Amino acid sequence: MLKDITLGQYFPVDSIIHRLDPRYKIVMIMIYMIMIFSGDSVICLAIGFVYTALAVALTKISLKVYFKSIKPVFPFLLFTALLNILFIRDGDIYFQWQFIKITSEGINTSIFMIVRIILLLAGTSVLTYSTSPIVLTDAIERLLSPLKKIKFPVHELAMMMSIALRFIPVLIEETNKIISAQKARGAELDSGNIIAKAKSLIPILVPLLISSFRRAEELATAMECRCYNGGEGRTRLRQMKSGKADYIALSVTVFFLVLTMTVNIKLK
């Protein structure tokens, strides 16, 4: 399961999406989220699906990678959908037995929820897969730079996000190593009931926590040795410049948003 987690990973591919200005990509993701959750009809979800499929295809990244980002959360989606089916009692009744009642509104809510979350995961994966963590956090810092006027710690926030994204794959790899080491020592991590499986996590979490603190201390020492003192007076190696492709991509995203809202209004 841990091998399927691709959060924080960057796939260096020569594609149109990769070459876009990361600031524009962040803005487009925000517009995309509004588009996905503002539509209340099947047509609106279909429009969001078309936009997502177009973005995924333009990244030139294998669909298997995107399926890996969805696979770990799919059981939680099914569990949440089941709760919606059982506890939402509005609409036409399809099935009823004692306290169990399945209605049309519960099924529709569950389906819409699953599709929206899957589209959201795929859309945000387009951003993280096509943008390196350092460039992504630099773009976030640029977008939030007006907040510096009110003494908001923009650079420190961007630095924390950069470190967090950078260490997600490292911690996943470290967890896999610890699991392999514990299994080599005869630990049974996959057998037993839920309580036994929960107790088997202790030999994994304890060394992982110690390793994380050790890495954090080493990183802090390395930053101090390099005289890191925050964002004051720092310069940038790469300067971000927007171009024609960025304007076109943003215009297409806004068009899909307007189309979704127009369809949503007309169908009400």
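Refer to the preceding data block for the structure.
Residues numbered from 1 in each chain as written. Predicted model: local features only at pLDDT ≥ 70, side-chain atom pairs only at ≥ 80, totals over all residues. Heavy atoms only, no water.

For the rest of this paragraph, the subject is the pattern of salt bridges. Across all of its chains, the model carries six salt bridges by this definition. E141 is paired through a salt bridge with K148; the nearest N and O atoms lie 3.9 Å apart. (Salt bridge = Lys/Arg side-chain N within 4 Å of Asp/Glu carboxyl O.)

Moving on: helix 8 (residues 154-184). Under the 1.5 Å per step criterion, the end-to-end length of helix 8 is 45 Å for 31 residues, consistent within 8% with the ideal 45 Å. Maximal helix bending in helix 8 amounts to about 35°, located at F167; proline P169 follows within four positions. V154, H155, A158, S162, L165, V170, I172, E174, T175, I178 and Q182 are the residues of helix 8 that are buried. The first or second residue beyond helix 8 is G186, which carries a positive phi of 95°. (Helix = DSSP H or I, 4+ residues; strand = E, 2+ residues; numbered from the N terminus. Expected span 1.5 Å × (residues − 1). Bend = angle between axes of the 7 residues up to and from the residue. Buried < 20%, exposed > 50% of the residue type's maximum accessible area, 1.4 Å probe, protein only.)

By the definition in use, this model includes six aromatic pairs. Considering the side-chain rings of F11 and Y129, the 5.0 Å spacing of their centres and the 85° angle between planes classify their relative orientation as edge-to-face. A residue pair is termed long-range when its members are at least 10 positions apart, and F11 in the segment before helix 1 (16-19) and Y129 in helix 6 (residues 104-130) qualify at 118 residues. Residue classification places Y129 among the buried positions, given a relative accessible area of 1%. Site record: aromatic cluster; members linked through ring pairs are Y32, Y51, F255 and F256. (Phe/Tyr/Trp six-rings, centres within 6.5 Å; stacked < 30°, edge-to-face > 60°.)

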